[in-house]
Amino acid sequence: MTSAANASNTLDAQHQASSAHSHAVIDKSGSALKLYLVTDRVMCQKLGLIETVCEAIDGGVSFVQLRDKQADDEQLYQMACELKEAIAGRVPLVINDKVRIAKKANLDGAHIGQGDLNVTEARQILGPDAWLGLSINTLSQLQYAHNHHLDQLDYFGLGPVFATDTKPNHARPLGISGLDDLAQASLLPTVAIGGIHLDNARGVYKTHCDGIAVVSAICASDEPKLAAQNLLQQHFLAQ
């Protein structure tokens, strides 16, 4: 057996052994989305992915999405297992797009985009209790989700709010007004994403969104815990 296979088998055993006690307590209210971290492995290079995420959780991050478009499925699975073990159920951990990896690694769920796996199929794979979020950019997308998938989804990711380099070829930015219109129309909890950082977070928190999702504002910080605390301070100031 190769060393890679041995490593994979070890990870399988570790995540299966911990599955009974390492799931986050299921709280699917909007408060779970208050400060939502989307990971970027390259931006996390200074401290490493695991340490960056754990420090951010110490600073108040309430939800984590593992996102890595460059990693292959085996790499993603290994990252998912390692991150799950490190987080140890303190906050929900979902994965971007890769629903089957979420199921295999026993994560708390997944987040999918408009061009990813069908919502119904994703829910069937994940099971009834897992988190499932969907990206929304337009009112027509929101209305379609309401009409066809409302009972299968837990929240909507609304954006991009502002232009961002983190996700190339993104849809037209909503702006604060467009974001608030979608948030008010939503029948599910919502989290805003796209170009959000410390300087504009308060304005986003003033909308009807339940929370903000950030990438570089935490991942690119030398002090992820402090970065998270500063972002949450904007939530307090927005009230």
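Residues numbered from 1 in each chain as written. Predicted model: local features only at pLDDT ≥ 70, side-chain atom pairs only at ≥ 80, totals over all residues. Heavy atoms only, no water.

Novice: Give me the lowdown on the pairing of strand S6 (residues 155–158), citing residues and values where you can.
Specialist: Residues Tyr155 and Gly157 of S6 are buried on one face, and the alternating residues Phe156 and Leu158, pointing to the opposite face, are buried as well. Taking the sense of rotation as the criterion, the β-α-β connection linking strand S5 (residues 131–136), helix H6 (residues 139–149) and S6 turns out right-handed. Bridging between S6 and strand S7 (residues 190–193) involves three bridges; their strand directions are parallel. By the bridge assignment, Gly157 is partnered in S7 with Val191. (Buried < 20%, exposed > 50% of the residue type's maximum accessible area, 1.4 Å probe, protein only. Helix = DSSP H or I, 4+ residues; strand = E, 2+ residues; numbered from the N terminus. Right-handed = clockwise from strand over helix to strand, strands pointing away. Pairing = 2+ DSSP bridges.)

Novice: Can you break down unusual backbone geometry residue by residue, with the values?
Specialist: Cis peptide bonds are those with omega within 30 degrees of zero, and the linkage from Gly159 to Pro160 qualifies with 0°. With respect to the element layout, Pro160 can be found in the loop between S6 and helix H7 (175–185). If you check the backbone angles, Asp97 has positive phi at about 75° while not being a glycine. As for its position among the elements, Asp97 is in the loop between strand S3 (93–96) and helix H4 (99–104).

Novice: Please provide a residue-by-residue account of the side chain of Thr207, values included.
Specialist: Mapped onto the elements of the fold, Thr207 is located in the loop between helix H8 (201–205) and strand S8 (211–214). Among the polar contacts listed, one links the side chain of Thr207 to the backbone nitrogen of Cys209, at a separation of 3.2 Å. With residues up to four places along the chain from it excluded, the contact list for Thr207 reads Ile176, Leu179 and Asp180. (Polar contact = N/O pair within 3.5 Å; in protein donor to acceptor, adjacent residues only side chain to side chain. Contact = heavy atoms within 4.5 Å.)

Novice: Help me get a handle on the state of the cysteines, residues and values and all.
Specialist: Per the counting criterion, the structure on display carries zero disulfides. Between Cys44, a free cysteine, and Cys219, which holds the nearest cysteine sulfur, the sulfur-to-sulfur gap is 3.6 Å. (Disulfide = S-S within 2.5 Å.)

Novice: Explain the confidence of the model for the chain to me, using residue names and the numbers behind them.
Specialist: Averaged over the chain, the pLDDT score is 91; the fraction of residues at 70 or greater is 87%. This stretch, residues 13–25, has a pLDDT under 50; its non-local contacts, to residues over four places away or in other chains, come to 21 contacts. (pLDDT = per-residue confidence, 0-100.)

Novice: Pulling in residues and values, what's your account of the pattern of salt bridges?
Specialist: One pass over the full model with this rule turns up eight salt bridges. The salt bridge partner of Lys69 is Asp97, with a shortest N-O separation of 3.9 Å. One end of the pair, Lys69, is in the loop between strand S2 (63–66) and helix H3 (73–87); the other, Asp97, is in the loop between S3 and H4, and 28 residues separate them in sequence. Across the pair Arg100 and Glu121 runs a salt bridge whose closest N-O atoms are separated by 3.1 Å. Residue Arg100 is located in helix H4, and its partner Glu121 is located in helix H5 (residues 119–126); the two are separated by 21 residues in the primary sequence. Looking at Arg100, the relative accessible area reads 54%, which means it is exposed. (Salt bridge = Lys/Arg side-chain N within 4 Å of Asp/Glu carboxyl O.)

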